[in-house]
Amino acid sequence: EGGEKYKKPVIINETARKLMNYDQAVGKFFGEDQITTVIRDFHFRPLQNQVEPLVIYYSPETIEKLFIRINPVKASHTIKYIESVFKKMRPEYNFEWSYVDDEYNSMYRKEFRLGQLLIALSVVAMLVSCIGVLGLLSFMVERRSKEIAIRKINGASINDIMHLFIREFVILIGIATLIAVPAGWWFTSEWLNNYAYRVGISIFVVIGIIIFVFSITLMTLSYRIYKAANRNPAEVVKSE
């Protein structure tokens, strides 16, 4: 009975097998065609979509595309040979070919460009932020240079002066972090929600960024205050 029904062999993926509710699908029939192979799920659509049921028919007369594995060392020679065979068999059609890697990359060209844009904008934002922090620190230290000199005259050590300024900036950075981190987390989560398959946002990445920002700011602040605190207090007070 199975031989009478059999017309063409069919290959299905795991998702299709589960949808058909078969524990063992090989040998079963899909319509009038017999399932000969069950293959693992693979992404044939962009990762925004879940893996869908896939049915592959063997139908030589309706073939529009061929997937051929070739030796990359002899790729050009192999492609020319395939083209010659194609033109002999189907001279009425144009021979067009592409690498599967390129086809997959084209699915995510938008993401690649967005990633490059975000990296460029992040670098620019960090440079602007560092310049802004340096300018703010220079202005603040210069404005309070007399206070630094008087504190030093009254016996305050360089560490005491640095601790005073660092504490003020740590509070400002903390406020900025409380605003920036939730906003960045929300934006990234919303973007990743567009994908059926996605990575999670690691808390260690967020902590690493916070530590990096604090480190850059504290190093810049320490350098500027240390330089200001080592100036001759008498000259500072006199110039003020």
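Residues numbered from 1 in each chain as written. Predicted model: local features only at pLDDT ≥ 70, side-chain atom pairs only at ≥ 80, totals over all residues. Heavy atoms only, no water.

Enquirer: Can you break down the overall build of the protein chain residue by residue, with the values?
Expert: Helix and strand counts for the protein chain stand at nine helices and four strands. Its helices and strands taken in sequence order, the protein chain reads α-β-α-β-β-β-α-α-α-α-α-α-α from the N to the C terminus. Relative to the 2.2 N^0.38 estimate, which gives 18 Å for 240 residues, the radius of gyration of the protein chain is 33 Å and therefore markedly larger than a compact globule would have. In terms of overall dimensions, the protein chain has C-alpha extents of about 105 × 45 × 25 Å along its principal axes. Expressed as a percentage of the 240 residues in the protein chain, the buried residues total 17%. In the protein chain, of all internal contacts separated by at least 6 residues, the share reaching a separation of at least 24 is 71%. Here the protein chain displays about 18,100 Å² of accessible surface, and carbon together with sulfur accounts for 61% of that area. Of note, the protein chain has its 29 positive side-chain charges centred 9 Å away from the centre of its 24 negative side-chain charges. (Helix = DSSP H or I, 4+ residues; strand = E, 2+ residues; numbered from the N terminus. Rg over C-alpha atoms; globule rule 2.2 N^0.38 Å. Buried < 20%, exposed > 50% of the residue type's maximum accessible area, 1.4 Å probe, protein only. Contact = heavy atoms within 4.5 Å. Areas by Shrake-Rupley, 256 points an atom, 1.4 Å probe, with all protein chains shown as cover. Lys, Arg positive; Asp, Glu negative; His and termini not counted. Charge placed at Lys NZ, Arg CZ, Asp CG, Glu CD.)

Enquirer: Give a description of the pattern of salt bridges that names residues and reports values.
Expert: Pairing of side chains with opposite charge becomes possible as their charged atoms draw close. All chains considered together, the criterion is met by two salt bridges. Notably, a salt bridge pairs Glu 14 with Arg 17, separated by 2.8 Å at the nearest N-O pair. Placement of the pair is Glu 14 and Arg 17 together in helix H2 (residues 14-20), with a separation of three residues, close to one helical turn. In this structure, the salt-bridge partner of Lys 87 is Glu 83, at a minimum N-O distance of 3.1 Å. Placement of the pair is Lys 87 and Glu 83 together in helix H3 (residues 75-89), with a separation of four residues, close to one helical turn. Exposure remark for Lys 87: the relative accessible area of 45% places this residue in the partly exposed category. (Salt bridge = Lys/Arg side-chain N within 4 Å of Asp/Glu carboxyl O.)

Enquirer: Account for the nonpolar core, naming residues and giving values.
Expert: Ranked by size, the top nonpolar core spans 11 residues in total: Leu 137, Met 140, Val 141, Ile 148, Ile 161, Met 162, Phe 165, Phe 169, Leu 221, Ile 225 and Ala 228. Counting residues per element, the ones that place at least two in this core are helix H5 (109-143), helix H7 (158-192) and helix H8 (203-229). At four residues, the largest contribution of residues to this core is made by H7. Once residues lying within four places of it in the same chain are set aside, the contact partners of Ile 225 are Val 141, Ile 161, Met 162 and Phe 165. Membership of the second largest hydrophobic core comes to five residues, among which are Ile 12, Ala 16, Ala 25 and Ile 35. (Core = buried A, V, L, I, M, F, W, Y, C linked by side-chain atoms within 4.5 Å.)

Enquirer: Would you mind going over the confidence of the model for the protein chain in detail, with residue names and values included?
Expert: Segments scoring low in pLDDT should not have their predicted coordinates read at a detailed level. With 93% of its residues at a pLDDT of 70 or more, the protein chain shows a mean pLDDT of 80. Taken element by element, the predicted model of the protein chain shows its lowest mean pLDDT in helix H1 (residues 2-5) (44) and its highest in H2 (91). Every residue in residues 1-6 scores below 50 in pLDDT, and together they form six contacts with partners more than four places removed in sequence or on other chains. (pLDDT = per-residue confidence, 0-100.)

Enquirer: Quick rundown of the packing of helix H6 (residues 145-153) against H7? Include the residues and the values.
Expert: Look at H6 against H7: their axes get within 10 Å of each other, and the N-to-C directions meet at 140°. In this view, H6 runs oblique relative to H7, as classed from their interaxial angle. You can see that H6 and H7 cross each other, and the crossing is right-handed. Residue-level inspection shows Glu 147, Ile 148, Arg 151 and Lys 152 of H6 in contact with H7, the latter providing Ile 161, Leu 164 and Phe 165. Residues of the contact of H6 with H7, tallied by class, amount to four nonpolar, no polar and three charged. (Axes fitted to C-alpha atoms, helices over the stretch in contact; angles between N-to-C directions. Parallel < 35°, antiparallel > 145°, perpendicular 65-115°, else oblique. Left-handed = near helix turned anticlockwise from the far one by under 90°. Nonpolar A, V, L, I, M, F, W, Y, C, P; charged D, E, K, R; others polar.)

Enquirer: Go over the packing of aromatic side chains with me, naming the residues and quoting the values.
Expert: As enumerated under the stated definition, the model contains four aromatic pairs in all. For the pair Trp 97 and Tyr 99, a centre-to-centre distance of 5.2 Å together with 85° between the ring planes defines the contact as edge-to-face. (Phe/Tyr/Trp six-rings, centres within 6.5 Å; stacked < 30°, edge-to-face > 60°.)

Enquirer: Residues and numbers for the sheet that holds strand S3 (residues 33-39), please.
Expert: Across the sheet, which stays open at both edges, the four strands sit in the order S2-S3-S1-S4 with mixed pairing between neighbours. Of all the strands in the sheet, just strand S2 (29-30) and strand S4 (55-57) have a single pairing partner and so form its edges. Looking at chain direction, S2 and S3 are connected through two bridges and run antiparallel. Opposite Phe 30, over in S3, you have Asp 33 as the bridge partner. (Pairing = 2+ DSSP bridges.)

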